[in-house]
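What follows is the residue order along each chain.
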Amino acid sequence: MSVLIVIPARYGSSRLPGKPMFDIAGVSMLERVWNIAKATRGNSRVVISTEDQRIVDHAQSFGAEAILTDVQCRNGTERCYATLEALGATESAVLNFQGDAVLTPPWVLQAMIDEFDQPDNAFDIVTPVTALDDAMLRDLRKSKEVTPASGTTAVFDKQRNALYFSKLIMPYVRSPGHTQTYRHIGLYGYRPEALRTYVNLEPSPLELTEGLEQLRALENGMTVRTVIVDYHGRTHASVDAKEDIAIVEDIIRREGELVD
């Protein structure tokens, strides 16, 4: 299995222009994400994809391969596909690893890559989920009291093929002890033909209702395989505002670097 990892890194963020180049504990956000991607086994190529030459120049300063893609790409998925086409890539799978995912353990990406090599690999898209223990579930419920759209949950069948994703906490527990609640992690791996199919589909009703792009795939009959991952005590967090940088730096000080 050959895997292309694409890191979409948009300079022109309306909220945080230049975010991929922000310094986090002495290393830029983009270089941190690139180091995580490079730490995986089985990737044949890691490419940073951006709409701005400043990102290309920064990526090349630490030895990364980078490519300019259309400024009109609306999201990371479209930029991932534009990269695939521009490179004429021949890899068997492509992973979309967002350029701000600085606290994603490399073993989460590795689990996605490894899923393509499983005997039962009849799926179009792979995406990770993690089981919530009682404390995590309480925290998610508490978070949703303040920000209802925070956190996405997933339910899947016995083959781990996704049945639905929602901003609601699913499943409703009428009779406890049968399953856990799984939180979705917004990373995706595609077969190239599946990515091509996906980007040419119109936004779907459930996607537009919940604001979850993966529902477009389900509504059009695509198979989305979930892979269950464990953060092994690592904290999941993202940088959505400048104030978040200090939070992420504190996590790194407490838990150590993900990649040496």
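Residues numbered from 1 in each chain as written. Predicted model: local features only at pLDDT ≥ 70, side-chain atom pairs only at ≥ 80, totals over all residues. Heavy atoms only, no water.

*Asks:* So what's going on with the overall build of the protein? Residues and values would help.
*Replies:* What the protein contains, in helices and strands, is 9 helices and 12 strands. Taken over C-alpha atoms, the radius of gyration comes to 18 Å for the protein, in line with the 18 Å a tight globule of 260 residues would show. Projected onto the principal axes, the alpha-carbon positions of the protein cover approximately 55 × 40 × 35 Å. Here the protein holds 260 residues, and 51% of them are scored as buried. Within the protein, residue pairs in contact and separated by at least 24 positions form 69% of the contacts whose partners lie at least 6 positions apart. (Helix = DSSP H or I, 4+ residues; strand = E, 2+ residues; numbered from the N terminus. Rg over C-alpha atoms; globule rule 2.2 N^0.38 Å. Buried < 20%, exposed > 50% of the residue type's maximum accessible area, 1.4 Å probe, protein only. Contact = heavy atoms within 4.5 Å.)

*Asks:* Tell me about the side chain of Thr50, residues and numbers included.
*Replies:* Summarising the element assignment, Thr50 is placed in strand 4 (residues 43-50). A relative accessible area of 0% means that Thr50 is categorised as buried. In terms of polar contacts, Thr50 uses its side chain to reach the backbone amide nitrogen of Asp52, at 3.2 Å. Other than its neighbours up to four places away in sequence, Thr50 contacts Ala9, Arg10, Tyr11, Ile55, Val56, Ile67, Leu68, Thr69 and Arg79. (Polar contact = N/O pair within 3.5 Å; in protein donor to acceptor, adjacent residues only side chain to side chain.)

*Asks:* Tell me about unusual backbone geometry, residues and numbers included.
*Replies:* The step from Met170 to Pro171 runs through a cis peptide bond, and the omega angle for that step is -5°. As for its position among the elements, Pro171 is in the loop between strand 9 (162-166) and strand 10 (181-184). At Arg160, a position not held by glycine, the phi torsion is positive, near 70°. Take Arg160: its relative accessible area is 25%, and that puts it in the partly exposed class.

*Asks:* Which residues make up the nonpolar core, and what values do they have?
*Replies:* Most often, soluble globular proteins keep nonpolar side chains buried together rather than apart. By size, the foremost hydrophobic cluster in this structure holds 47 residues, and its most contacted members are Ile5, Ile7, Ile24, Leu30, Ile48, Leu95 and Phe97. Within the residue set of this core, elements represented by two or more residues are strand 1 (3-8), helix 1 (29-38), strand 4, helix 2 (53-61), strand 6 (93-96), helix 4 (106-115) and helix 9 (243-255). Considering each element in turn, this core owes the most residues, 6 residues, to helix 1. In contact with Ile48, other than residues within four places in its own chain, are Ile7, Ala9, Leu30, Trp34, Ile55, Ala59, Phe62, Ala64, Glu65, Ala66 and Ile67. In terms of nonpolar packing, the next biggest core, distinct from the first, is built from 27 residues, Leu4, Val47, Phe165 and Tyr188 among them. (Core = buried A, V, L, I, M, F, W, Y, C linked by side-chain atoms within 4.5 Å.)

*Asks:* Please set out the packing of helix 3 (residues 76-87) against helix 6 (residues 192-199) residue by residue, giving values where relevant.
*Replies:* Across the interface, helix 3 lies against helix 6 with an axial gap of 10 Å and an inter-helix angle of 125°. Classed by the angle they form, the pair helix 3 and helix 6 counts as oblique. Crossing geometry of helix 3 relative to helix 6 is assigned as left-handed. Each of Thr77, Glu78, Cys80, Tyr81, Leu84 and Glu85 in helix 3 lies in contact with helix 6, whose residues at this interface are Pro192, Leu195, Arg196, Tyr198 and Val199. For the contact of helix 3 with helix 6, a count of residues per class yields 7 nonpolar, 1 polar and 3 charged. (Axes fitted to C-alpha atoms, helices over the stretch in contact; angles between N-to-C directions. Parallel < 35°, antiparallel > 145°, perpendicular 65-115°, else oblique. Left-handed = near helix turned anticlockwise from the far one by under 90°. Nonpolar A, V, L, I, M, F, W, Y, C, P; charged D, E, K, R; others polar.)

*Asks:* Tell me about the pairing of strand 12 (residues 224-228), and please be specific about residues and values.
*Replies:* Across the 5 residues that make up strand 12, a large majority, 4, are buried. Alignment of strand 7 (residues 125-132) against strand 12, held across 5 bridges, turns out to be parallel. Each residue of the ladder has a partner; that of Pro128, found in strand 12, is Val227. (Pairing = 2+ DSSP bridges.)

All quantities given are derived from atomic positions and should not be read as evidence of function.
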